[in-house]
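Chain and residue survey
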Amino acid sequence: MQSENKILIERIHREFIIAEKHLSRIEECVSLMSNMFPLSTVSYSFLTSEEVRLLDQFRSCLNFISSIFERDF
């Protein structure tokens, strides 16, 4: 039982480290994208490829963080 608890604690710790990295990327994206919002379909069509990449990175990070809460530990 103690071994199972230790494994679970180590897994949770790894997940938090990964989540912290994603949160850091989200903060970077938000600071770089703040001038893009509010975003409409019209304004989206004028984004540069770099701005679209930032939006994709932001979405990807948010998806990862939300997936943590859907996992079974």
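Further up the page is the structure itself.
Conventions we followed
In every chain, residue numbers begin from 1 and rise along the written sequence. Totals for whole chains, interfaces and linings use every residue, but because this is a predicted model, local features are given only for residues with pLDDT of at least 70 and side-chain atom pairs only at 80 or more, for both listing and counting. Working from all heavy atoms in the structure, the side-chain values ignore hydrogens and water. Here a cavity denotes grid points, spaced 1 Å and computed from the protein atoms alone, that fit a 1.4 Å probe unable to get out, and a pocket denotes an open set having protein on both sides within 12 Å along at least 5 of 7 lines; residues with an atom within 4 Å of a point are the lining. Grid points are joined across faces, edges and corners, and a volume is the space filled by probe spheres set on the points. Note on conventions: DSSP H or I runs of at least 4 residues are helices, E runs of at least 2 residues are strands, and numbering of each starts at the N terminus. One side-chain nitrogen of Lys or Arg within 4 Å of one carboxyl oxygen of Asp or Glu is enough to make a salt bridge. Relative accessible area decides the class of each residue, using a 1.4 Å probe on protein chains only: under 20% of the type maximum gives buried, over 50% gives exposed, and in between gives partly exposed.

**Describing the layout of surface pockets**
Taken as a whole, the largest pocket encloses approximately 170 Å³ of empty space. Taken together, 10 residues form the lining of the largest pocket, with Glu15, Phe16, Ala19, Ile68 and Phe69 sitting closest to its centre. Only helix H1 (2–33) and helix H3 (49–68) provide two or more residues apiece to the lining of the largest pocket. Broken down by element, the lining of the largest pocket gets its largest block of residues, six residues, from H1.

**Some points on the pattern of salt bridges**
Across all of its chains, the model carries one salt bridge by this definition. Where Arg53 meets Glu50, a salt bridge forms, and the shortest distance between an N and an O atom there is 2.6 Å. You can see Arg53 and its partner Glu50 sitting in helix H3, three residues apart, about one turn around the helix. Relative accessible area serves as the criterion here: at 41%, Glu50 is assigned to the partly exposed category.

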